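Each chain, letter by letter, is given below.
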Amino acid sequence: MKTRLLLFIALTCCTALSALAQQTAYYESLSEAIHQAKELYEKNKFIAAQEQFAGIAARSEANSATRSEAEFYQALCALKLESGNSKEQMENFLARTPESPYANLGLFELGNARFNSGQYALMLRSWKNLKTAQLTNEEQEKVIYQRGYAYFQTEQYALAEKEFARIKDRNSRLAAPAKYYWAHIAYLNERYDEALATFNQLKDNPAFAPVIPFYMSQIYYKQGEYARVIEFTEPLLKTADKQQLASLSKILANSYFHLQRYPEAIPHFETYFAESKSRQRDENYMLGYCYYVAGRYPEAIAPLEHASKGKDELAQNAYYHLADCYVKTDDKNKARVAFEAASEMDFNPDIKEDALFNFAKITYELSYSPFNETIRAFDKYISLYPNSGRNDAAYDYLVKVYMSTSNYKDAVESIEKIKVKSPAIRKAWQRVTYFRGLELFNNLDYQSAIGYFDQSLANAEQNRELQASALFWKAEAAYRLGDYNQAVAGFNQFLKTPGATSLPEYQSANYNLGYSFFKLKDYNQAAAAFQKYTTGQTGDRGDKLGDAYNRLGDCYFINRDYRNAVKNYEQAYALRTYDADYALFQKAICLGLQREQEQKTSSLRSLLQTFPQSAFTDDALYELGRTYERQNENQIAIGYYNDLLKEHSQSSFQAKALLQLGLIYYNQSNYNQSLDYYKQVVEKYPNSPEAQSALLGIKNNYVEMNNVDAYFAYVNRIGQGATVTVSEQDSLSYLAAEKLVMDRNPQARLQLERYLQQYPEGSFSLNARFYLGESKYASGEFSSALKDFEYVAGKPDNIFTEPALGRAAELEFNAANYSRALTYYERMDNISNTKWNQLRARAGKMRCHYELANYTACLEASQQLLETENLTEELKREANYKLAKSLYLTQNYTQALPLFTELAKDTKSHEGAESKYLLTEILASQNQLNQAENEVMDFISKNTPHQFWLAKSFILLADIYLQKGDDFQAKHTLKSIVENYPEENDGILETAGAKLKHLEDLEKQQQQQQDKPMEININQQ
């Protein structure tokens, strides 16, 4: 037993000793492995070391010091190898073992790694808890430098300066770069003496020698020691590299510039501009000014244009010298733009004043004043500088402008501001008020035109011809307004005014006077005036002469002087220029009244044969029927009446022709045939005078047929039982009201209303409703008048249908009820018996289609109107405009272009001005930029009163300049609108302002480029 116990103890001891020996060997093996791994690390064999440390960590016990050490070195090797997740490995190690003796070194190395990869903010964060006291002196210095550099790179210059200051004066590897950055910060902070002294210490250091002269030159420049800059910098050019050459050339150029040695500055500026992408405004200004002083004006323009991109004193100076360069190179248009820009800035009052005067002067010389810039500029100059020695010259220029401008509206406003008007100013006032009146007249604003003609006449003594012209057009405006008495007085005064005979209007004065008397129904005076006109028209065979002969014939016709009437109608017909068919028809009527029936019928047949499409063919057929009926040639008469019924279903003579056919057959005892025609009249045209006559004819037929019961049955069926015979009271009541209407008696309306109350379905209710509508219309009661006109228009065709349709269409159109107006105009066109009503109807159709955006239909209506006789110039212009605009809106630009081109010849009219813009827009859209630009320039020269379309063209011109790469002209074209366009609420200023702001924002972005200081990579030192 004892022996076993001793054996057990011995075995146990042996086992323990063996285990102890094995454990000692294990630790000796790890220690050797760590030693070997560290040797690999020290030899920069980081991959092998990393693998060794990984193996050690795997073999070590968890949470052991050995494993912690191995994991640290494993992460450190990853940092040295700059592997993808190296920083994360070290961060994980520090997070797991914050108490590790390697934690501080780990923070240090992590910061180094972040520094080397440019992660300066993260580096500073990593070193926030770094215990620098545990680092070596060299490591501590590195921390200081790298912190300073990180602060520098993150623009925390005050903190960076403190760090660099700690080591810049040490005798160490990092002292020189620290000194460099410290000096650079001092330079940035404008502590030039300190910076210069420190840079001077580094000038022989090979690492910094290439850049130190640059700083020293800059500092001398900043200190204003320009001569020393030149002396110091000129020799450096020979050895400078490309970047240094650009910078040194810039400093030298600036120094020569400040010493006013401009010719010597030019080559250095040119070198700098050739070697550098920097294009600062001040640099461009200096180069441009050097060229300017040297007389090299074409070369000065580009840099001065670039320098002008701003709103400061530099820009004002640049614009001022740029303007002179343009003058010297004979580009006055751009000189005008530059002077205007310089005059709008307040930095230099002398430049402002001189630029304003020159802007006004050149604008006058160029005759360039789309928005009245010339007058406004001189007005502004006189207002701002009332004591200037140039004021007399400014007033002289103003008078010249007033006497030549076509911008009459603004000219009038300018003259009105002058309190004491010299004779020269009053002469100009007479002119501009006359032409402003004419402008308004052409745009159909007759009332306003008269006001300006009166202002012109107030200065009549200045120019007798202008006085006479003002009298004529004032009278014409009165005529257009329906004030015929005023028109008569005006035309008579014109004819007696000295100087009138030399005017082209003199030829038309008696014609217009004749029409004024004609409208007043003073036919004797009208005839006298028309006679004077026709007598004075030797050799003229125009439309107006033909019309005058017709009106002269009308005057004689109304006065029952049929023989003289025939003579004048024959004269009109012989001309074959204007309403020849009317002349022939009226001649026939006169011959009939003279009982020359054969000549009458011959003339009427000639009318039918010569003018088959005439508006008087139905009149002629009816008159032929009546003539042959009176001659008892009833079969011939019946033929003409039937032709009228078949060929002119909408004619107002339908009822009359039916009535006459009923009478002929009654007289022939053909009672059934007679009844058929009479009944058509009653049933198709109830409540008409013809219907009343037809009822009597029906009664007579039934009496002759001995069938009175059939008569009573018929009248009861059609509801005419109570009105078989028109009551005398009905007739007398209406005739009394009608007389008041014809006499234009104010009591007429009351009498008409009383008649309609007593006889709402009276024989003359249709007449009464029409005249009542006319009375309401004249009083401005349009809604109520419309009801009366619609009532009349709703009845079967009658003598009031055409005028009622015309009024109803007009009122609906004015109320913007275009669809209803169109319906009336279309019906009016179909039934019209006169050329004027047909013209009015077709114009109305065109306008309705246009307003309803029925552009295809508007095309057809415009073309139909253009083919209509007696088309006035105003209507012709409107029709061509709506035709062109409809083509444009349906994208038929090629077809629209020639129409717009023709319309655009007269930009005094609204249609012409808009056409000019649309013409330009089409050309621009077709990339015909030069032609589009020329159109805008031509638009400017025409001085249109319609400035909205001119401004739209200016905006388009700015876009054209941008497409051509001329930003300068584009910008100042937009500025011209923003600063001179008078209207504030039509969208022009908003559009131009937005475009101008966009260009100015682009300029600012271009000017925000800054040179960066030269950097030193300390890892290469």
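Note that the structure is a prediction, hence the values are computed from the model and not measured.

**Focus: the overall build of the protein**
Assigned secondary structure in the protein consists of 53 helices and 0 strands. Over its C-alpha atoms the protein spans a radius of gyration of 52 Å, topping by over 25% the 31 Å that the globule rule assigns to 1021 residues. The principal-axis extents of the C-alpha atoms in the protein amount to approximately 180 × 105 × 50 Å. Looking at the protein as a whole, 51% of its 1021 residues are labelled buried. Here the analysis covers contacts within the protein between residues at least 6 apart in sequence; of these, 53% occur between residues at least 24 apart. Carbon together with sulfur atoms contributes 48% to the accessible area of the protein, which is approximately 49300 Å² in total. For the protein, the distance from the average position of its 112 positive side-chain charges to the average position of its 129 negative side-chain charges is 2 Å.

**Side note on the UniProt feature "repeat: TPR" (unreviewed entry) in the protein**
According to UniProt, the "repeat: TPR" (unreviewed entry) feature falls on residues 546-579 and 655-688. Secondary structure across residues 546-579 comprises 79% helix and 0% strand; the distance between its end C-alpha atoms is 7 Å. Taken end to end, residues 655-688 has its terminal C-alpha atoms 9 Å apart, with 79% of it in helix and 0% in strand.

**Details of the packing of helix H11 (residues 212-222) against helix H13 (residues 242-258)**
At a minimum axis distance of 10 Å, the contact between H11 and H13 shows a crossing angle of 20°. In terms of their interaxial angle, H11 and H13 are classed as roughly parallel. Seen along the crossing, H11 lies across H13 with a hand that is left-handed. Contact with H11, carried on its side by Phe214, Ser217, Gln218 and Tyr221, involves Ser247, Leu248, Ile251, Asn254, Ser255 and His258 of H13 and no other residues of that element. Grouping the amino acids of the contact of H11 with H13 by side-chain chemistry returns 4 nonpolar, 6 polar and no charged.

**Here we look at the environment of tyrosine 755**
Inspection of the secondary structure puts tyrosine 755 in helix H40 (residues 748-758). Separated by 21 residues in the primary sequence, tyrosine 755 and tyrosine 734 place their C-alpha atoms 6.4 Å from one another.

**Describing the side chain of lysine 168**
For lysine 168, the position within the fold is in the loop between helix H8 (157-167) and helix H9 (175-188). For lysine 168, a relative accessible area of 13% puts it in the buried group. Here aspartate 169 takes part through its side chain, which lies 3.1 Å from a polar atom of the side chain of lysine 168. When neighbours within four sequence positions are excluded, lysine 168 is seen to be in contact with Ala175, Ala178, Lys179 and Trp182.

**Quick look at unusual backbone geometry**
Look at aspartate 579: it is not a glycine, yet its phi comes out positive at around 55°. Looking at where aspartate 579 falls in the secondary structure, it is placed in the loop between helix H30 (562-575) and helix H31 (580-593). Backbone geometry at alanine 816 places phi at a positive 65°, although glycine is not the residue there. Relative to the helices and strands, alanine 816 resides in the loop between helix H43 (801-814) and helix H44 (818-831). Taking the relative accessible area as the measure of exposure, alanine 816 reaches 43% and is therefore partly exposed.

**Considering the packing of H30 against H31**
In contact at an axis separation of 8 Å, H30 and H31 are set at 155° when each is read in the N-to-C sense. Relative to H31, H30 is oriented roughly antiparallel. Considering the relative orientation of H30 and H31, their crossing is left-handed. Of the residues in H31, those in contact with Tyr562, Ala565, Val566, Tyr569, Glu570, Ala572 and Tyr573 of H30 are Ala580, Tyr582, Ala583, Leu584, Gln586, Lys587, Cys590, Leu591 and Leu593.

**So, the nonpolar core**
Of all hydrophobic cores here, the largest spans 95 residues; its most connected members are Phe494, Phe530 and Ile698. Looking at this core element by element, the count peaks at 10 residues for helix H25 (residues 464-480). Setting aside residues no more than four positions away along its own chain, phenylalanine 530 makes contact with Asn510, Tyr511, Gly514, Tyr515, Phe518, Ala548, Arg551, Leu552 and Cys555.

**Some thoughts on H8**
What H8 keeps buried is the set Ala160, Glu161, Glu163, Phe164 and Ile167. The buried residues of H8 occupy an angular sector of 165° when projected down its axis, which confines them to one face. Opposite the packed face of H8, turned more than 90 degrees from it, sit the exposed residues Ala158 and Lys162. Buried-residue contacts for H8 involve helix H7 (137-153) and H9.

**Notes on the packing of aromatic side chains**
All chains considered together, the criterion is met by 82 aromatic pairs. Measuring from ring centre to ring centre gives 5.8 Å for tyrosine 292 and tyrosine 297, while their planes differ by 70°; the resulting arrangement is edge-to-face. We classify tyrosine 292 as buried; its relative accessible area is 18%. Judged by relative accessible area, tyrosine 297 falls into the partly exposed class, the value being 22%. For the pair tyrosine 511 and phenylalanine 530, a centre-to-centre distance of 6.1 Å together with 75° between the ring planes defines the contact as edge-to-face. On the criterion of sequence distance, the pair formed by tyrosine 511 in helix H27 (residues 506-519) and phenylalanine 530 in helix H28 (residues 523-536) is long-range, its members being 19 residues apart. The class for tyrosine 511 is buried, based on a relative accessible area of 12%.

**Section: the pattern of salt bridges**
Where charged atoms from two side chains of opposite charge approach closely, those side chains can pair. One pass over the full model with this rule turns up 61 salt bridges. A salt bridge links glutamate 690 to lysine 656; its shortest N-O distance comes to 3.1 Å. In this pair, glutamate 690 sits in helix H37 (residues 689-704) while lysine 656 sits in helix H35 (residues 654-667), placing the two residues 34 residues apart along the sequence. Among the residues examined, lysine 656 registers a relative accessible area of 26% and is labelled partly exposed. A salt bridge links aspartate 938 to lysine 942; its shortest N-O distance comes to 3.7 Å. By relative accessible area, which is 29% here, aspartate 938 ends up partly exposed. Accessibility expressed as a relative area gives 25% for lysine 942, which makes it partly exposed. Overlapping salt bridges bring together Asp579, Asp581, Lys835 and Glu869 as one network.

**A few points about a nonpolar patch on the surface**
Residues Val703, Val708 and Phe712 make up a contiguous nonpolar surface patch of roughly 250 Å² in combined accessible area. Among the structural elements, valine 708 can be located in helix H38 (residues 708-717). On the basis of relative accessibility, which here comes to 35%, the residue valine 708 falls in the partly exposed class.

How each quantity is defined
Residues numbered from 1 in each chain as written. Predicted model: local features only at pLDDT ≥ 70, side-chain atom pairs only at ≥ 80, totals over all residues. Heavy atoms only, no water. Helix = DSSP H or I, 4+ residues; strand = E, 2+ residues; numbered from the N terminus. Rg over C-alpha atoms; globule rule 2.2 N^0.38 Å. Buried < 20%, exposed > 50% of the residue type's maximum accessible area, 1.4 Å probe, protein only. Contact = heavy atoms within 4.5 Å. Areas by Shrake-Rupley, 256 points an atom, 1.4 Å probe, with all protein chains shown as cover. Lys, Arg positive; Asp, Glu negative; His and termini not counted. Charge placed at Lys NZ, Arg CZ, Asp CG, Glu CD. UniProt positions renumbered as here; feature names shortened; annotations may be inferred. Axes fitted to C-alpha atoms, helices over the stretch in contact; angles between N-to-C directions. Parallel < 35°, antiparallel > 145°, perpendicular 65-115°, else oblique. Left-handed = near helix turned anticlockwise from the far one by under 90°. Nonpolar A, V, L, I, M, F, W, Y, C, P; charged D, E, K, R; others polar. Polar contact = N/O pair within 3.5 Å; in protein donor to acceptor, adjacent residues only side chain to side chain. Core = buried A, V, L, I, M, F, W, Y, C linked by side-chain atoms within 4.5 Å. Arc of directions from axis to C-beta. Phe/Tyr/Trp six-rings, centres within 6.5 Å; stacked < 30°, edge-to-face > 60°. Salt bridge = Lys/Arg side-chain N within 4 Å of Asp/Glu carboxyl O. Patch = residues over 30% accessible without salt bridge, like charges linked within 9 Å, V, L, I, M, F, W, Y side chains within 5 Å.

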